[in-house]
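Close look at the chain arrangement
Spelled out, the chains give:
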Amino acid sequence: MNKLSDRVKRLGYSQTFVMSNKAREMKASGIDVISLTLGEPDFDVPDNIKQAAFDAINQNYSHYSPVPGFLELREAIAYKLKRDNNLEYKPTQICVSNGAKQAILNVLASLLNDGDEVILPNPYWVSYDEMAKMMGGTSVMLPTSYVTDFKITAEQLEEAITDKTKAVLFSSPCNPSGGYYTYDELKSIARVIAKYPHVTVISDEIYEYINYETKTTSIAQFPEVYEQTAVINGMSKAFAMTGWRIGYSACPEWLAKACEKIQGQMTSGANTMAQRASIVALKTDPSEYKYMIDAFKKRRDLVYDLIKEIPGFKVVLPKAAFYFFPDVSYYIGKTLDGIEIKDSDDFAMFILEKAHVGCVGGVSFGSPECIRFSYAASEEDLMEAMKRIKNLLEKFN
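The numbers attached to residues start from 1 for each chain and follow its sequence in the written order. In keeping with the predicted nature of the model, local features appear solely for residues at pLDDT of at least 70, side-chain atom pairs appear and are counted solely at 80 or more, and the whole-chain, interface and lining totals rest on all residues. Calculation of side-chain values draws on the structure's entire complement of heavy atoms; hydrogens and water are dropped beforehand.

Per an unreviewed UniProt entry, the protein chain goes by the name Aminotransferase and belongs to Chryseobacterium geocarposphaerae. UniProt positions are given in the numbering used here, feature names are shortened, and annotations may be inferred rather than shown by experiment. According to its UniProt record, the protein chain has this under Sequence similarities (unreviewed entry): "Belongs to the class-I pyridoxal-phosphate-dependent aminotransferase family." UniProt lists a comment for the protein chain under the heading Cofactor (unreviewed entry), and it reads "pyridoxal 5'-phosphate".

As structure tokens, then:
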């Protein structure tokens, strides 16, 4: 007798956690592993944010918050969206959740019926496809490559939209590619979306601040799709608050109310102390936290110079986030040291076992020819990791 639901049997495990757990096990057994698997800033939470959490404890913020979050936090989010993105949202349009992951699930649960289609530009964050499955949806993948900077065109998108399309879900800046859509690119995409009022854009902007060139554009800035857009963001990346689990969505009123209804039956409000600390973080001028962005940029430039020298890797310079996503198709289909490399997941495991460097294969990102490295690590570890991989692969060239 099988007691598990068809829903859970459809889901896969997160490949980022699979590889990070494997690296952790190897470390525990005494192997010197450098893990570049998880997308997590390696900085401590800034002191002013930590102090706000201590203050919240002392002020007895220990009871349930409203389901969509404290009004003061939703006002702070609205202030941030206006200050940084020129977006007008009322607190009633904002739902604070237990991380950006829940914010996305809230939106998908509010939109999808069984069999509805969710368009995912490849590569996509590993959870997007699984989230769509969880909510009964079917993912429609749009291919890209390093040649196109891992971005789709408006024409590609329009060709993929059908009567069954309910949502288009993407991240900009992108995990895993480190690219982002420009103003003009998003303007073209917005024109397409506006033709199809049954389609909602879910714009994951969690890496918004980690951008080395210019301010990123939110597709919600285009008036013709404002009522069709759910903006997703959170505290994890820019503020190094991954474990605090505060994310949020900003949506049209009809969708915000639906997200609140879903969350009210699932988790209720997010952690109260973390909410109070997030108010301080969002009201602080972003320049106060720029030292983290500057460090990431320095590491990016360091790794780029080294990764270009690795034989068989095709790589573009990431403009945002903290990932490299090299194309390793040169090695796919080959047998290396007696190990058959069928896809980039095999290749990532080969690097882990032979060079003792952890990365994530691109299969679960929708790009089986690529692998993802996080450079949210020390410069010493990054230099050693690239050296190990280069030394390993030079044997096969």
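Still more to cover.
1. A closer look at the overall build of the protein chain
Numbered from the N terminus, helices here are DSSP runs of H or I no shorter than four residues, and strands are runs of E no shorter than two. Counting its secondary structure elements, the protein chain contains 13 helices and 14 strands. Here the globule rule is a power law, 2.2 Å times the number of residues to the power 0.38, and the radius of gyration is based on C-alpha atoms. A compact globule built from 397 residues would reach a C-alpha radius of gyration of about 21 Å, and the protein chain, at 21 Å, matches this within 12%. Principal-axis analysis of the C-alpha atoms gives the protein chain an extent of 60 × 55 × 50 Å. The buried label applies to any residue whose accessible area, calculated with a 1.4 Å probe on protein chains only, is under 20% of its type's maximum; exposed applies above 50%, and partly exposed to all values in between. When each of the 397 residues of the protein chain is scored for burial, the buried share is 55%.

2. Concerning the nonpolar core
Ile 307, Phe 313, Phe 347 and Phe 373 are the most contacted members of the largest nonpolar core, which has 110 residues in total. The contact criterion used is simple: two residues touch if any of their non-hydrogen atoms lie within 4.5 Å. Ignoring any residue separated from it by four or fewer positions in sequence, one finds Ile 307 in contact with Phe 313, Val 315, Phe 324, Pro 326, Phe 373 and Met 386. Nonpolar cores were defined as sets of buried Ala, Val, Leu, Ile, Met, Phe, Trp, Tyr and Cys residues, with membership established by side-chain atoms within 4.5 Å. Counting residues in hydrophobic clusters, the runner-up holds 20 residues, among them Leu 142, Ala 160, Phe 170 and Val 201.

3. Thoughts on the pattern of salt bridges
One side-chain nitrogen of Lys or Arg within 4 Å of one carboxyl oxygen of Asp or Glu is enough to make a salt bridge. Going through the model one piece at a time under the given rule, you end up with 22 salt bridges. With its nearest N and O atoms 3.6 Å apart, the salt bridge here joins Asp 6 to Lys 9. Of this pair, Asp 6 and Lys 9 both sit in helix α1 (residues 6-10), separated by three residues, roughly a single helical turn. Look at Asp 6 and you get exposed, because its relative accessible area is 53%.

4. Overview of the UniProt feature "domain: Aminotransferase class I/classII large" (unreviewed entry) in the protein chain
Summarizing the sequence annotation, UniProt attributes the feature "domain: Aminotransferase class I/classII large" (unreviewed entry) to residues 32-389 in the numbering used throughout. Secondary structure over residues 32-389 splits into 37% helix and 15% strand, and the C-alpha atoms at its two ends are 14 Å apart.

5. A word on the sheet that holds strand β14 (residues 371-374)
Two strands make a pair as long as DSSP finds a minimum of two bridges between them. The strand order β9-β14-β13 describes an open sheet built from three strands, whose pairing is antiparallel. One side of each edge strand has no neighbouring strand; the edge strands of this open sheet are β9 (323-324) and β13 (360-361). As paired elements, β13 and β14 share two bridges and run antiparallel to each other. For Val 360, the partnering residue across the bridge sits in β14 and is Arg 372.

6. Regarding the packing of aromatic side chains
Stacked, tilted and edge-to-face are the three classes assigned to paired rings of Phe, Tyr and Trp, where Trp is represented by its six-membered ring and a pair needs centres within 6.5 Å; plane angles under 30 degrees give stacked, over 60 edge-to-face, the rest tilted. Within the structure shown, the criterion is met by 22 aromatic pairs. Ring geometry for Tyr 183 and Phe 222: centres 5.0 Å apart, planes at 50°, overall tilted. Of this pair, Tyr 183 sits in helix α8 (residues 183-194) while Phe 222 sits in the loop between β6 (200-204) and β7 (229-234); the two residues are 39 residues apart in sequence, bridging distant segments of the chain. Residue Phe 222 is classed as buried on the basis of its relative accessible area of 4%. With a centroid separation of 5.0 Å and an interplanar angle of 35°, the aromatic rings of Phe 296 and Phe 322 are classed as tilted. Of the two residues, Phe 296 sits in helix α11 (residues 290-307) while Phe 322 sits in the loop between α11 and β9, which places them 26 residues apart along the sequence. Distance and angle both matter: a charge sits over a ring if NZ of Lys or CZ of Arg is within 6 Å of the ring centre and within 35 degrees of the ring normal. Sitting over the ring of Phe 70, Arg 276 keeps its end group 5.0 Å from the ring centre. A cation sits over an aromatic face here: Lys 334 above Tyr 330, 3.5 Å from the ring centre.

7. Comments concerning the pairing of strand β2 (residues 94-97)
Side chains Ile 94 and Val 96 of β2 all project onto a buried face; the interleaved residues Cys 95 and Ser 97 project onto the opposite face, where all are buried too. Two elements, β2 and strand β8 (residues 247-250), share four bridges in a ladder whose sense is antiparallel. Across the sheet, the residue bridging to Ile 94 is Ala 250, located in β8.

8. Topic: the side chain of Arg 299
Examined against the element boundaries, Arg 299 turns out to sit in helix α11. Leaving out residues up to four positions away in the same chain, Arg 299 has contacts with Asp 42, Phe 43, Tyr 375, Ala 376, Ala 377, Glu 379 and Leu 382.

9. Re unusual backbone geometry
For the bond running from Asn 122 to Pro 123, omega is -5°, close enough to zero to count as cis. For Pro 123, the position within the fold is in the loop between β3 (117-121) and α6 (126-134). Omega for the bond connecting Ser 172 with Pro 173 falls within 30 degrees of zero, at 0°, which places this linkage in the cis form. Its location among the elements puts Pro 173 in the loop between β5 (165-171) and α8. Positive phi values are uncommon outside glycine, yet Ser 268 reaches one of about 65°. The residue Ser 268 is located in the loop between α9 (253-266) and α10 (272-283) in this model. Among the residues examined, Ser 268 registers a relative accessible area of 26% and is labelled partly exposed. Even without a glycine there, the phi angle at Asp 337 is positive, about 55°. With respect to the helices and strands, the residue Asp 337 is situated in the loop between β10 (335-336) and β11 (339-340).

10. Observations concerning helix α5 (residues 100-111)
Turn by turn, an α-helix covers 3.6 residues, leaving residues three or four places apart pointing in a common direction. An ideal rise of 1.5 Å per residue puts 16 Å on twelve residues; α5 measures up with 17 Å between its terminal C-alpha atoms. Within α5, nine of the twelve residues are buried, which leaves it mostly tucked inside the rest of the structure. For α5, every residue scored as buried is listed here: Ala 100, Gln 102, Ala 103, Ile 104, Leu 105, Asn 106, Val 107, Leu 108 and Leu 111. Each residue after the first adds 1.5 Å to the expected span of a helix.

11. Here we look at the pairing of strand β4 (residues 138-142)
Walk down a regular strand and you will see the side chains alternate between the two sheet faces. Pairing of β3 with β4, which is carried by five bridges, proceeds in the parallel orientation. By the bridge assignment for β4, Pro 121 is matched with Leu 142. Handedness of a crossover is defined as follows: with both strands directed away from the viewer, a clockwise route from the first strand across the helix to the second makes it right-handed. Between β3 and its parallel partner β4, the chain crosses via α6, and the hand of that crossover is right-handed.

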